Amino acid sequence: MKKGIRTLTFYLPQFHRVAENDEWWGEGFTEWTALRKAEPLYEGHKQPIRPLNNNYYNLLEKSTMEWQSSLMKKYGIDGQCFYHYYFKDGRKILEKPAENLLQWKEIDMPFCFCWANGRWARTWSNLEGNSWADKFENKSKSTDCGVLIEQNYGREEEWKAHFEYLLPFFSDDRYIKINGSPVFLFYHPDTIPCLPQMIDYWNKLAQENQLQTFYFIGMHSYKNLHGLDALVLQAPHMVWKLEPAIDGIHFIDYDLLWENICRKSLINGNKTYYCGVPNLDDTPRRGRHDGVLFKNFSIDSFYKGMCEIYKKSLKVNNEFVFINSWNEWGEGMQLEPDEEYGYGKLDAVLRAQKDVLETDDGFISTDNREVSEGYAENNAINSYFATAQCFDRWMELRERNIRVSDYLKRYDITQVAVYGYGMLGKHLIGELEEQNIKIAYIIDRDYRKQSLRYEIRNPQDNLPQVDAIIVTVVDEFDNIYQSLKSRVNSQFFSLFEIVSEL
């Protein structure tokens, strides 16, 4: 009998036409556009990749999802993790496939969401965010700043609107849960300054709507974030080592990548899920500009690697194994059948399950060495960069005559306490004084510090209620929020959250 590990694959809902893609990348652009126009960049380069039987499907067609559901059942895929693109003002992109699935109750496709919470940006802008196709970008618009859709998070009003949009999905019997708790992933949790408060609020809303509290999973994170139940070591991005570019292309040895995956242990002591990757070649999107692809890929290596992470997952009692991905055709990471390998990658997953999850002994590992992903030694560096990034954004706002008080006034905040009497704290106090925001007191672990105008309290002291506590120790906001939220009935804001939202 198959042991209790569910295999989930990341699912890209990009294979249908939307107005934004028409505007940004060209009329009728979908992921298939980049794939069809791919070309070999060196001798022996296997491009373009073609789906088996020229199945360039449309995700808005019911028959497509019925076909995908049947493939999942046949080859041991237990659920799809849909990338979810949602922005502060309620704007959504590529949402129709999941919305259709919600209506097509007869399609047995278990699913959950991964909130791809970055901004959308053009690659040439050097801004972090989702970008789709370097080769199709129009670089001639000198007035284009490169931001296609900005991402902000707001406060409770915006969080509630997002939750209410997702509530019908969470309530669906097919939505993936752990012990009744809906599973929800954050693609970049470290970039959400208000994440602890948002998580608390969503859990409150879940209980008010007869749901259990969530099971939250973070990706691309090395921090010990409060409120997250686990992290995913997503391959290849969190484990790859790029070789120097040759004519603009970076290569990764596929066997070495699997060695790196299999040697990793817990991320900073957190519960960690492991992730396999069936192949990679993103040159259809990138062209010769920083394209990345695997060398030495083989079905046998993929099979052996999947055996290893199933075994590791059994060892630590993990509920899930992830695969990146079901249908990232533009990056060559698809499990779906193609002309070259047919159903070979799907079959490799099924064989690995049978050889590990359906036997008593399982696959015998050839290398049991593990590396603990602890990043405590980088705390000082991380603290410096978090502070510097916050200060840089803040100074940009001041140059545009935008003040922290502008944000506070949105929420009728007139009296605050400032946590942290370091560099950022002192600058904040000076700015708030200029803008007639009352500062009730300062909180600092070194309560022996001296202030000519304000009382400095130890975090363990009695903390009188104020409209808001603004935390200037931005790299420790999560810990500070967790330690104080039950002791003082005030709103909490990270200074980084404020300058980001502004």
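Residues numbered from 1 in each chain as written. Predicted model: local features only at pLDDT ≥ 70, side-chain atom pairs only at ≥ 80, totals over all residues. Heavy atoms only, no water.

Participant: How should the nonpolar core be read in this particular structure?
Facilitator: Counting 120 residues, the largest nonpolar core has Phe-184, Leu-185, Trp-202 and Phe-322 as its most contacted members. When near neighbours in sequence (up to four residues on either side) are disregarded, Leu-185 contacts Phe-10, Cys-81, Cys-112, Phe-113, Cys-114, Trp-115, Ile-217, Met-219, Val-232 and Phe-322. Counting residues in hydrophobic clusters, the runner-up holds 28 residues, among them Ile-402, Leu-408, Ile-413 and Ile-456. (Core = buried A, V, L, I, M, F, W, Y, C linked by side-chain atoms within 4.5 Å. Buried < 20%, exposed > 50% of the residue type's maximum accessible area, 1.4 Å probe, protein only. Contact = heavy atoms within 4.5 Å.)

Participant: Please clarify how the pairing of strand 10 (residues 230–233) should be interpreted in this entry.
Facilitator: Neither face of strand 10 is exposed, since Ala-230 and Val-232 on one face and Leu-231 and Leu-233 on the opposite face are all buried. In this sheet, strand 10 lies alongside strand 9 (residues 215–219) in parallel orientation, the contact comprising 3 bridges. Along strand 10, the bridge assignment pairs Ile-217 with Ala-230. In this structure, strand 10 lies alongside strand 13 (residues 272–276), joined through 3 bridges in parallel fashion. Following the sheet pairing, Val-232 is matched in strand 13 by Tyr-273. (Helix = DSSP H or I, 4+ residues; strand = E, 2+ residues; numbered from the N terminus. Pairing = 2+ DSSP bridges.)

Participant: Looking at this structure, I do not really get the packing of aromatic side chains. What am I missing?
Facilitator: Each aromatic ring pair is specified by the distance between its two centres and by the angle formed by the two planes. Counted under the stated rule, the structure contains 55 aromatic pairs. Ring centres of Phe-184 and Phe-216 lie 6.4 Å apart, and the angle between their planes is 90°; this geometry places the pair in the edge-to-face category. Of the two residues, Phe-184 sits in strand 8 (residues 181–186) while Phe-216 sits in strand 9, which places them 32 residues apart along the sequence. What makes Phe-184 buried here is its relative accessible area of 0%. For Phe-216, a relative accessible area of 0% puts it in the buried group. If you follow Lys-312 out to its NZ or CZ, it ends over the ring of Tyr-274, 4.8 Å from the centre. Positioned over the ring face of Tyr-421 is Lys-426, at 5.1 Å from the centre of the ring. (Phe/Tyr/Trp six-rings, centres within 6.5 Å; stacked < 30°, edge-to-face > 60°. Lys NZ or Arg CZ within 6 Å of the ring centre and 35° of its normal.)

Participant: Even after reading the chapter, I still don't get the confidence of the model for the protein, so can you show me in this structure?
Facilitator: Caution applies to low-pLDDT parts of the model: their predicted coordinates are not meant to be read in detail. Averaged over every residue, the pLDDT of the protein is 89; the share at 70 or more is 89%. Overall, residues 362–369 carries pLDDT values under 50, and its contacts beyond four positions in sequence, including any with other chains, amount to 16 contacts. A low-confidence stretch, residues 374–378 (pLDDT under 50), is modelled with 4 contacts involving residues beyond four sequence positions or located in other chains. (pLDDT = per-residue confidence, 0-100.)

Participant: Looking at this structure, how should I read the environment of Pro-196?
Facilitator: Within the element layout of this structure, Pro-196 appears in helix 6 (residues 195–208). In the structure, Pro-196 is positioned 30 residues away from His-226 in sequence and 6.5 Å away in space, judged by C-alpha atoms. For Pro-196, the residues in contact, after removing those within four places along its chain, are Phe-477, Asp-478, Tyr-481 and Gln-482.

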